[in-house]
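# Secondary and tertiary structure notes
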Amino acid sequence: MKSATTRAAAASALAASTAWKALQRHATTMQRRHLRELFAADTQRGERFAIEAAGWYFDFAKQRLDARTLELLLALAQVRGVPERVAAMFAGERINSTEDRPALHVALRMPRRRRLLVDGRDVVAEVHAVLARMAAWCERVRTGAWRGHTGERIRHVVNIGIGGSDLGPVMAFEALRHYADRSLDLRFVSNVDGTDFSEAVRDLDPARTLFIVCSKTFTTQETLANAHAARRWCLAALRDERAIARHFVAVSTDGGEVARFGIDPVNMFGFWDWVGGRYSMDSAIGLSTMLAIGPARFADMLAGFHAMDEHFRTAPAARNLPLLHGLIAIWNSNFLGMQSLAVLPYEQYLKRFPAYLQQLMMESNGKRVTHAGRAVGVDTCPIVWGEPGTNGQHSFYQLIHQGTRKVACDFIGFCATANPVANQHDLLIANLFAQGEALAFGKTAAEVRAQGVPAAQAPHRVFEGNRPSSTLLARRLDPHALGALVALYEHSTFVQGAIWDIDSFDQWGVELGKVLAKRIGAELGAARMPPLAHDSSTNALIRRYRRQRTPRQ
Ligand code: G6Q
């Protein structure tokens with residue numbers, strides 16, 4: 001009897017396609033080849049399998065592939081219609097099919113002179129109108145022209161949002177902290193856990209604190225709960241409803257909901273339904289970023305995004321960085337059996353980048369059906385995780401080097417540092433390069449023996465190698481480089497989704513939990529224990545929680 005997976009694969013047009021089968025056949029050959037052999041066979045491999053775009057050097061020579069692999073992957077991209085899908089995205093077509101809307105984040109960073117009509121409206125002009133309002137407001141806060149209700153200058157800014165309305169802003173703030181105005185203290189609150197809010201404001205002065213409430217829909221439970229907590233906290237100290245107008249601004253697509261909350265729509269910065277939450281850090285959702293680094297540097301970041309967009313849109317396939325990055329991800333996960341991708345930035349400022357990418361990639365491509373609702377039939381998004389180097393080396397790298405699970409790695413580094421401390425940047429980057437080398441080439445039993453390692457210990461000291469990685473290297477981490485890096489991963493994610501024929505811009509998988517949480521929330525909140533009709537495990541958890549919870553305040 002065939003397993004469910006086999007049946008799904010049999011039903012899948014993708015798995016049955018000639019291009020896919022050719023890659024499978026090729027993979028059986030490549031599975032037998034070691035990176036040691038591939039490098040020995042081609043002394044130019046390091047240069048041949050590397051490209052550059054928008055300030056980023058992408059070295060994929062340590063991936064387990066050869067020229068034929070690339071040829072087959074590029075052929076797959078052709079037959080899966082990747083070029084047409086890219087064109088459709090840039091043209092503003094409704095490529096988010098299940099929500100019937102465009103996914104037009106590329107319009108957020110188009111230069112002012114460009115025009116792009118969506119439903120008869122020039123979206124580029126609208127984007128620049130919002131950017132101009134954001135810039136004017138940020139300048140007022142940064143120069144002290146915007147004051148709190150009691151006339152104090154704003155010193156603390158708390159961004160309230162979750163998911164796409166948090167992960168991008170916090171990642172960008174951390175990444176660009178070196179360029180930030182240090183007289184403004186930025187904090188981020190996302191979790192509905194009251195600890196997040198309480199710890200964020202415990203040492204703040206309400207008279208000097210401003211809240212940015214970021215929510216595309218302005219109906220998200222967590223964000224509204226935290227925004228109401230902020231409102232109460234602010235009013236408890238300032239004791240005047242009029243204070244809200246000086247201490248709260250909103251970023252949303254829904255002016256009605258913003259007004260209902262009590263924020264003056266004059267203090268609202270808008271965006272559009274064609275900006276997905278996880279693709280929104282360069283829209284008004286990036287208000288905290290602009291506040292921190294200033295409008296000019298925010299524009300540099302947008303220019304970085306745009307440079308990578310233009311490269312992606314126009315570069316020939318064989319030299320197209322996001323396209324190759326996405327195809328290599330397909331190769332690793334679908335043909336070499338890599339179950340996860342570790343993103344390993346050797347840059348402390350990128351400490352939140354893996355978390356940001358987890359949402360970008362796993363919420364976009366963690367799907368099991370195609371646009372038409374049929375089983376994809378092959379594995380989709382790998383599990384994405386990571387931590388900054390070198391910390392990870394003293395923790396989970398053991399598994400990457402010698403474990404039985406297969407992990408593909410993306411190393412990210414910069415040639416220059418904003419914080420030179422003796423020779424520490426050289427040490428950092430030496431570690432980055434060393435990890436890629438160790439993973440690829442390992443250490444053979446013969447090498448271990450030659451070092452005089454006792455026979456009993458030898459198996460523990462062997463590194464089989466042949467573990468693939470890519471290295472992304474840029475000159476320095478600045479707003480332009482960050483924009484280009486994020487755009488690179490956005491487009492790589494899109495390429496992978498296009499190959500699998502899935503809608504990378506919806507997220508129906510988050511709905512069920514939300515609905516159940518509402519029902520359970522009512523049961524936890526009821527004065528008397530209500531009749532419970534969940535499974536026996538959930539019922540028991542609810543009863544236990546009700547018996548042991550903190551008394552209401
Ligand atoms: C991202 C998702 C999701 C979203 C949050 C917050 O692509 O849609 O993470 O960003 O649920 O939504 P709101 O911005 O509407 O509050």
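An account of the accompanying structure is given in this report.

## Remarks on the overall build of the protein chain
- Check the secondary structure of the protein chain and you find 24 helices and 13 strands.
- For the protein chain, the residues scored as buried account for 54% of the 553 residues in total.
- Charge centroids of the protein chain, computed over 67 positive and 53 negative side chains, lie 4 Å from each other.

## Describing the sheet that holds strand β2 (residues 56-59)
- Overall, mixed pairing links the six strands, which are arranged β1-β2-β13-β12-β10-β11 in an open sheet. Each edge of the sheet is formed by a strand with only one pairing partner; in this case those strands are β1 (50-53) and β11 (383-385). Strand-to-strand twist of the sheet, defined as the mean angle between neighbouring strand axes without regard to direction, takes the value 15°.
- Sheet analysis places strand β10 (residues 340-345) next to strand β12 (residues 407-414), joined by six bridges and oriented parallel. Residue pairing for β12: V343 is matched across the bridge by D410.
- Across the face of the sheet, helix α19 (residues 424-441) comes into contact with β12 and β13 (469-474) while running at roughly 155° to β12.
- Taken strand by strand, helix α22 (residues 479-500) contacts β2, β10, β12 and β13, and its axis lies near 165° from that of β12.

## Side note on the sheet that holds strand β7 (residues 209-214)
- As summarised here, the arrangement of the five strands in space is β6-β5-β7-β8-β9, forming an open sheet in which the pairing is parallel. Of all the strands in the sheet, the pair left with one neighbour each is β6 (185-189) and β9 (268-270). Each strand axis lies, on average, 20° off the axis of its neighbour in the sheet, ignoring direction.
- Where β7 meets strand β8 (residues 248-252), four bridges bridge the pair, whose relative direction is parallel. Residue pairing for β8: V213 is matched across the bridge by A250.
- Running over the sheet, helix α10 (residues 194-201) touches β6 and β7 and is turned about 170° from β6.

## Notes on unusual backbone geometry
- Note that the residue after G389, namely T390, is joined by a cis bond; omega there is 5°.
- Relative to the assigned elements, T390 resides in the loop between β11 and α18 (397-402).
- You will see that F218, though not glycine, has its phi angle at about 60°, which is positive.
- Residue position: F218 is located in the loop between β7 and α11 (221-238).
- At R239, a position not held by glycine, the phi torsion is positive, near 50°.
- As for its placement among the helices and strands, R239 is situated in the loop between α11 and α12 (243-247).

## Side note on the site of the ligand
- Close contacts around the ligand come from 13 residues, with S165, S215, K216, T217 and T220 the closest.
- Contact distances for the ligand include 2.7 Å between an oxygen atom and a side-chain N or O atom of R278.
- Bound to the protein, the ligand loses 86% of the 400 Å² it would expose on its own.
- Tallied by class, the residues present in the shell around the ligand amount to one nonpolar, nine polar and three charged.

## Focus: the pairing of β8
- Counting buried residues along β8, five of its five residues qualify, which places the element largely inside the surrounding structure.
- Of the strand pairs in this sheet, β8 and β9 are connected by three bridges, and their pairing is parallel. Of the residues in β9, the one forming a bridge with V251 is F269.

## Digging into the nonpolar core
- Within the largest apolar cluster, 133 residues are counted, with the highest numbers of intra-cluster contacts made by W56, W137, F353, I412, L482 and Y489.
- For this core, the element with the most residues is α22, which contributes 13 residues.
- Each residue touching Y489, except ones within four places of it in the same chain, is listed here: H325, V343, F353, L357, L360, M361, D410, I412 and L472.
- Counting 26 residues, the second-largest nonpolar core is a separate cluster that includes F197, I244, F261 and I263.

## Describing the packing of aromatic side chains
- What the rule picks out here adds up to 22 aromatic pairs.
- A centroid spacing of 5.1 Å and a plane angle of 25° characterise the contact between F211 and F248, whose relative ring orientation is stacked. Highlighted residues: F211 in strand β7 and F248 in strand β8, separated in sequence by 37 residues. Each of the two residues, F211 as well as F248, counts as buried.
- Between F396 and Y397, the ring centres sit 5.4 Å apart and the planes meet at 40°, which makes this aromatic pair tilted. Considered together, F396 and Y397 belong to a single accessibility category, that of buried residues.
- Members of the aromatic cluster, each reached through a chain of ring pairs, are F197, F211, F218, W233, F248 and F261.
- Over the aromatic face of F49 sits the side chain of R45, whose NZ or CZ is 4.6 Å from the ring centroid.

## Section: the pattern of salt bridges
- Across all of its chains, the model carries 30 salt bridges by this definition.
- Between R260 and E257 there is a salt bridge, with its nearest N and O atoms 3.3 Å apart. One end of the pair is R260 and the other is E257, both in helix α13 (residues 255-261) and three residues apart, which spans about a single turn.
- Residue classification places R260 among the exposed positions, given a relative accessible area of 61%.
- Overall, the relative accessible area of 22% leaves E257 in the partly exposed class.
- Sharing partners across several salt bridges, the network here consists of R109, D282, D309 and E490.

## Some thoughts on the packing of helix α7 (residues 82-90) against α22
- Where α7 meets α22, the axes come as close as 10 Å, and the angle between the chain directions of the two elements is 125°. Comparing the axis directions of α7 and α22 gives the class oblique. When you trace α7 past α22, the crossing you get is right-handed. In contact with V82, R85, V86 and M89 of α7, α22 contributes H491, F494, V495, A498 and I499.
- When its residues are assigned to classes, the contact of α7 with α22 shows seven nonpolar, one polar and one charged.

Thresholds applied
Residues numbered from 1 in each chain as written. Predicted model: local features only at pLDDT ≥ 70, side-chain atom pairs only at ≥ 80, totals over all residues. Heavy atoms only, no water. Helix = DSSP H or I, 4+ residues; strand = E, 2+ residues; numbered from the N terminus. Buried < 20%, exposed > 50% of the residue type's maximum accessible area, 1.4 Å probe, protein only. Lys, Arg positive; Asp, Glu negative; His and termini not counted. Charge placed at Lys NZ, Arg CZ, Asp CG, Glu CD. Pairing = 2+ DSSP bridges. Axes fitted to C-alpha atoms, helices over the stretch in contact; angles between N-to-C directions. Contact = heavy atoms within 4.5 Å. Near = heavy atom within 4 Å. Polar contact = N/O pair within 3.5 Å; in protein donor to acceptor, adjacent residues only side chain to side chain. Areas by Shrake-Rupley, 256 points an atom, 1.4 Å probe, with all protein chains shown as cover. Nonpolar A, V, L, I, M, F, W, Y, C, P; charged D, E, K, R; others polar. Core = buried A, V, L, I, M, F, W, Y, C linked by side-chain atoms within 4.5 Å. Phe/Tyr/Trp six-rings, centres within 6.5 Å; stacked < 30°, edge-to-face > 60°. Lys NZ or Arg CZ within 6 Å of the ring centre and 35° of its normal. Salt bridge = Lys/Arg side-chain N within 4 Å of Asp/Glu carboxyl O. Parallel < 35°, antiparallel > 145°, perpendicular 65-115°, else oblique. Left-handed = near helix turned anticlockwise from the far one by under 90°.

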